[in-house]
Amino acid sequence: MASNSTPDKGISRRAALAAAGTVGLTAVSLSTGLPSAEALPAGASASRTGGPSRHAGGWHRYVQGPSSRTVRPLRIVSTTGDVDNPDALLKPGGARSVLRRPQPVAAPAWPAGTTAQASSSHAGNNGNDGQPRTYDAANAIDGNPDTFWNDDTLGAFPDVLTITAPQVTPLRGITVVSNSDGVPTDYTVDVWRDGDWHTAATVTGNDAVQKAVPFAEQVSTDRVRITVTNAQDTPHGDFTRINEVWPAPVEPIPVPSVTVDFGKVVVGHPQIRFTSASANSPGVRVAFSETRQFLTDRSDFTRSDQAGGAGQGTDQFAVPAKGANWVDHKGFQAGDKVFADGLHGFRYLRISLDALASDSPAAQPWGTVEIDSVALRFTAYLGTPSTYRGWFLCSDDELNRYWYGAAYTNELVTDTFRQDDVDPRNAWSATLEGKLVLQDGAKRDRDPYVGDLAVSARTLYLTHDDAAEAARNVLADLADHQRADGWIPPASIGDYTLPLFDYPLYWVTCSWDYVLYTGDRQYATRYYPTLLKVLDTWYPSVTDAAGLLSKGLNGTGGYGDYAFLGRTGRVTYYNALYVQALQNAAQLARSQGQQTDAARWSARADKVAQAVNSLLWDADAGAYLDSATGAVRHAQDGNSLAVVTGIADTGRATSALAHLDATTKRPYGNAFMDNDTLFDQASQRVYAFTSYPEIEARFLTGQAESALDQIRRTYGWMDTNDPGTTHWEGIGPGGSLYEGAYTSMAHGWSTGVLPALTHHLLGARPTSPGYATWEVRPQPGGVDWATGQLPTPYGPLGVEWESGSRVFRLTVRVPGDTQGSVALPGDARGLRVSSGRRTLWDGRRAVTRDVTVVDGTVTVAGLGAGEHSFVSEPGGN
C-alpha cells in the first residue's frame, strides 16, 4: 500500500516491459528508439490502427482497483479486550475469531434526592436523532448513559458540575462517563469538607469515555465538584459533555474489538459472517474511518448522524445465537432499535462487542460472538486493467502512482445513484435514481456536484470512457432542473436549491468537455437552449456596468461557491471562469453551426478579459486581486484561470505564477490564498481542485518543471500519508485534514493530476468534438520517457516519446477518421526534425508543406490514420 511503501524514484523502460511479462532482449526501431512491432511484448495487443501497444501491461501493476466486487481486508491493525484469533477474520472458511465480554454489574448510584447543578447548560433541541432532548446537569446523575450534561460555552472554560447528596456519603473516588463525541480531557475533582473545597484528584490528558478517578484516601462528603478546563474539540463543537458521574471508581471492562485494514479506501456495503453467538443477543457496533487518526468507537462520518438518525456514530447489529451473514444495509433491525447506516467509504473497520443502552433488550453489550470473516461488497466502478480504455506510463514511478491513484479515486465516486446511499440533506432525486453518476466523494457528500465534474469528468473520459454516461446523466439532470431565470443548480442537494454563484458556469464548461471528449452532438443539440438561457439571461442579471460579474447583484449576496467563501463584488475567479465558460460556449456553438451566438460569446469573453486586466490587476503585487472589495489578497483560483483562459498576456502570466510561487508554496502543495484576510489560516489550505488549473497554467507557460514540482508536493503528500493512494478533498495547516474527520479522503475533484499528466506531460488532447482533431505537444519537464493511450470514439490515440540529452523521439498512432498535429519540444532554431529518412525541418526552414513553426516550436500538421514517428535533434542549419 502506498502509504507504507518506499517510493522508487524512477523506472526504466526495460523494467516497465519486464512488468508486462517480457523476458530477454527487445528489438528496437531505428526511427524511434522504442520497441518495434516485431518485438511486441507478451500479452500486448495491437491498436485499431494496426500499431503495437508499446509497454503494454507495464502499467497494469499501478492499477489500484480490486480484482472483484468482494474485497477483503489485508491485515489486523489492533485488538482490545478479550479477543481470540483475530487474524482469522482475514480469510473465510477456516478458524474463527471470538470476542467475549462478561455481563457488567449494575453501576453504583447516588442516594435518592441527589441533585446536580452546572455553570451553564446548553438549550434543549432535537439532537442527532431528531427527538427532543435536554442537556441539563441532572442528566449526569439520572442513571441513563444515553443522556448527558452539555455546557453552553463553546470553546470556553472552565465548565463546572456540582453534585450535592442529601447526606454525607463515604467516597473512595468517582467515575466520569462521558460522550465519545467530546471527552473531558483535563479536570479536577474537589470535595466539600470542613466548610471548604479540597482537591481530591486531578485528571490530565484523558481520552477514555469511562474514566475511574480514585481518591488518595476515602473521604466523607455530601458535595463533589468537577471543574473541566479542557475537552476534545469535535465536529459538534468544543463542549464539555458528561453522561454520568458514579459515586465510586469503576474501572471499565475493556470492550472486545478488532480493527481491520483494507489497505486503501474502499466503498460499498460491509459484510460480516457471524457463525454463532451467546443466547442473549449480544450487540456488535461497527465503526468506519478513512484514517486511523479519526477511528475511535465512532465512525469518522455517518450519514445517519448528519441527518439526525439513530446510528450514534456506528452501525449496530444484534447477533442471533445461530449466527448470520450480515450485510450492512440501511435500516433498523428490530422496530426502532439497532440501526445500521448501510454503504460506507473507509479504509479501516472496527468491530466491537458492545451495544447502545437505548437498544436494550434487542441488543446487549456483553456475551460471546464468533466471526468467520469480514468483507466488503464493492459498489463503485470496478476498474481493472481490462476496463481501462486509456492509460499512462512514464519513467517516474511517483507520477505513475499519482495518475493511477487519481483513476482509482475517481472509480470510487463513479457509482449508481441510490436513495439509501446519497447525501441525506434532501439530495435524493427520482430523476437520478438507479443511474450511473459521478459523485463528489466516496463517504460524503455522495451527491453529484457539477463543479467537481470540471475535474472528475475529464479523469473519467481519459480512463473509462465507456462510463461517460455518468457525467452525461449529471449534466442532463441539472439542465432539466434549470430555474426559470436561467440559473442551473449545482447538485440535487437541497432539492436542487443550493445557491452557488460559480457552478452554473461549470455546467457550461463541463458540457463542452463532454461533447469534446465523446463527440455526443445529440447532447449539444438537446441542451443548447439551456446554454443560451444561463449565459444570456442569468449571468447578465449579475453583471455590472463594466461588464464584470459582481456577486451581490440580483440578490446573490448570500450565494456561495465551491468552498462557500465569503467573497462579494468583482471577484477575479468568477470572472475568469466566466471567460472560460464563454469561450467554451462559443466552441460548442460553432460545432452546432450557431456562428452568431459564437461571435457574441467570444466578443463578451474578450470584453470581460479586458475589464479583468484593467480593474483587477494589482501592479504592486504583480498578480490579480482576489476581489476588488475588502482586504488586498491574491487567490490561486483567479490567477490560475486568468492564465489558462488567456486573460493574462505572457508578462502577466509569468508574474502571477511567480507571485503564487513566492507566497503560497507549501510542503504539501500550493495554498489557495496568499494571506489570511479571508479567514484564519487560508494561506495554509490547499485544494487540489484549484491546484489543477495552476498546474495547467504552469505547463501552458512552458514551466513544466515547476508544474511537476507542484504535483510532487501536492500528490506526494496525499500518497504517502494515511490513507494513501486516494486524493483528499482538502489539506489544512501542516498537511492536516482540513476539516478533521469530516474531510473526504477520496474526492473526485482532486484528481486533476491525471488529465494534467496526460494532456501536458504526455501531451495529447482533443481539439474538436470526439477527437475529430487533436494535438500532441509533449512537455517532458525532466522526465526521461512517457507513453500512453487516449480513448476516442474512433479508437485509441497512442503516444510515446523518449527525451535524451540531445535527441527527442516521438511516435503517434492515430485512429482512422481523425487528423491532428504534433509539436516537438525545444527551440526550432538549430534543430533538425526528421521522420524516418525524411528531413522535415532543417533548423531554418520547412522542407515539407505541413511543417510550420508556432511560438518557436516545430509543428507538424495534417497527420491522419496510422503510425507517425519523429526525431528532433541538434544539427540543423
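Structure shown above.
First, a word on scope: everything that follows refers to the structure included in this document. (Residues numbered from 1 in each chain as written. Predicted model: local features only at pLDDT ≥ 70, side-chain atom pairs only at ≥ 80, totals over all residues. Heavy atoms only, no water.)

## Here we look at the nonpolar core
Turning to step 1, where the next piece is worked out: Among the nonpolar cores identified, the biggest contains 164 residues, and Trp507, Leu535, Tyr562, Ile711, Leu810 and Val822 are the most heavily contacted of them.
Turning to step 2, where the next piece is worked out: In this structure, Val266, Val267, Leu376 and Leu382 belong to the second largest nonpolar core, which totals 37 residues. (Core = buried A, V, L, I, M, F, W, Y, C linked by side-chain atoms within 4.5 Å. Buried < 20%, exposed > 50% of the residue type's maximum accessible area, 1.4 Å probe, protein only.)

## A short note on the sheet that holds strand β34 (residues 831–835)
Turning to step 1, where the next piece is worked out: The sheet built from seven strands is open, its strands ordered β20-β30-β31-β32-β38-β34-β35 with antiparallel pairing. The open sheet has two edge strands, β20 (391–394) and β35 (838–841), and neither has a second partner. Averaged over all adjacent pairs, the angle separating strand axes in this sheet is 15 degrees, with direction ignored.
Turning to step 2, where the next piece is worked out: Across three bridges, β34 lies against β35 in antiparallel orientation. (Pairing = 2+ DSSP bridges. Helix = DSSP H or I, 4+ residues; strand = E, 2+ residues; numbered from the N terminus. Axes fitted to C-alpha atoms, helices over the stretch in contact; angles between N-to-C directions.)

## Digging into the packing of helix α9 (residues 528–538) against helix α11 (residues 595–615)
Turning to step 1, where the next piece is worked out: Two elements in contact, α9 and α11, have axes separated by 13 Å at closest approach and are oriented at 30 degrees. Judged by the twist between their axes, the crossing of α9 over α11 is left-handed. On α11, the residues that touch Tyr528, Leu531, Leu532, Leu535 and Asp536 of α9 are Asp597, Arg600, Trp601 and Arg604. (Left-handed = near helix turned anticlockwise from the far one by under 90°. Contact = heavy atoms within 4.5 Å.)

## Some thoughts on the pairing of strand β31 (residues 797–803)
For a regular strand, side-chain orientation follows a simple rule: the groups alternate between the two sheet faces.
Turning to step 1, where the next piece is worked out: Within β31, five of the seven residues are buried, which leaves it mostly tucked inside the rest of the structure.
Turning to step 2, where the next piece is worked out: Following strand β30 (residues 785–790), the chain reverses through six residues before pairing antiparallel with β31; Gly795 in that reversal takes a positive phi of roughly 120 degrees.
Turning to step 3, where the next piece is worked out: Count of turn residues in the β31/strand β32 (residues 808–814) antiparallel hairpin: four residues.

## A look at unusual backbone geometry
Turning to step 1, where the next piece is worked out: In this structure, the amide linkage connecting Ser360 to the following residue, Pro361, adopts the cis form with an omega of 5 degrees.
Turning to step 2, where the next piece is worked out: Relative to the helices and strands, Pro361 resides in the loop between β18 (344–353) and β19 (367–378).
Turning to step 3, where the next piece is worked out: Of note, the amide linkage connecting Arg444 to Asp445 takes the cis form, showing an omega dihedral of 0 degrees.
Turning to step 4, where the next piece is worked out: Take Asp445: it is sitting in the loop between β22 (436–438) and α4 (450–463).
Turning to step 5, where the next piece is worked out: With a phi angle near 65 degrees, Gln681 is a residue other than glycine that sits in the positive phi range.
Turning to step 6, where the next piece is worked out: Considering the arrangement of structural elements, one finds Gln681 in the loop between β27 (669–670) and α14 (688–700).
Turning to step 7, where the next piece is worked out: Using a relative accessible area of 37% as the deciding quantity, one classes Gln681 as partly exposed.
Turning to step 8, where the next piece is worked out: Positive phi outside glycine occurs at Thr725, with the angle close to 70 degrees.
Turning to step 9, where the next piece is worked out: Considering the arrangement of structural elements, one finds Thr725 in the loop between α15 (704–720) and α16 (753–762).
Turning to step 10, where the next piece is worked out: Thr725 gets classed as buried once you look at its relative accessible area, which sits at 5%.

## Focus on the packing of helix α3 (residues 397–413) against α4
Turning to step 1, where the next piece is worked out: Orientation of α3 relative to α4, taken along the N-to-C sense of each, is 105 degrees, at an axis distance of 10 Å. In terms of axis orientation, α3 runs roughly perpendicular to α4. The residues of α4 that touch α3, namely those facing Trp403, Ala406, Ala407 and Asn410, are Ser456, Thr459, Leu460, Leu462 and Thr463.
Turning to step 2, where the next piece is worked out: Of the residues that constitute the contact of α3 with α4, the class distribution is five nonpolar, four polar and no charged. (Parallel < 35°, antiparallel > 145°, perpendicular 65-115°, else oblique. Nonpolar A, V, L, I, M, F, W, Y, C, P; charged D, E, K, R; others polar.)

## Digging into helix α5 (residues 469–480)
Turning to step 1, where the next piece is worked out: End to end, α5 covers 16 Å across twelve residues, agreeing with the expected 16 Å (1.5 Å per residue, within 8%).
Turning to step 2, where the next piece is worked out: In terms of burial, α5 is a largely internal element, nine of the twelve residues being buried.
Turning to step 3, where the next piece is worked out: Those residues of α5 that sit buried are Ala470, Ala471, Asn473, Val474, Leu475, Ala476, Asp477, Leu478 and Ala479. (Expected span 1.5 Å × (residues − 1).)

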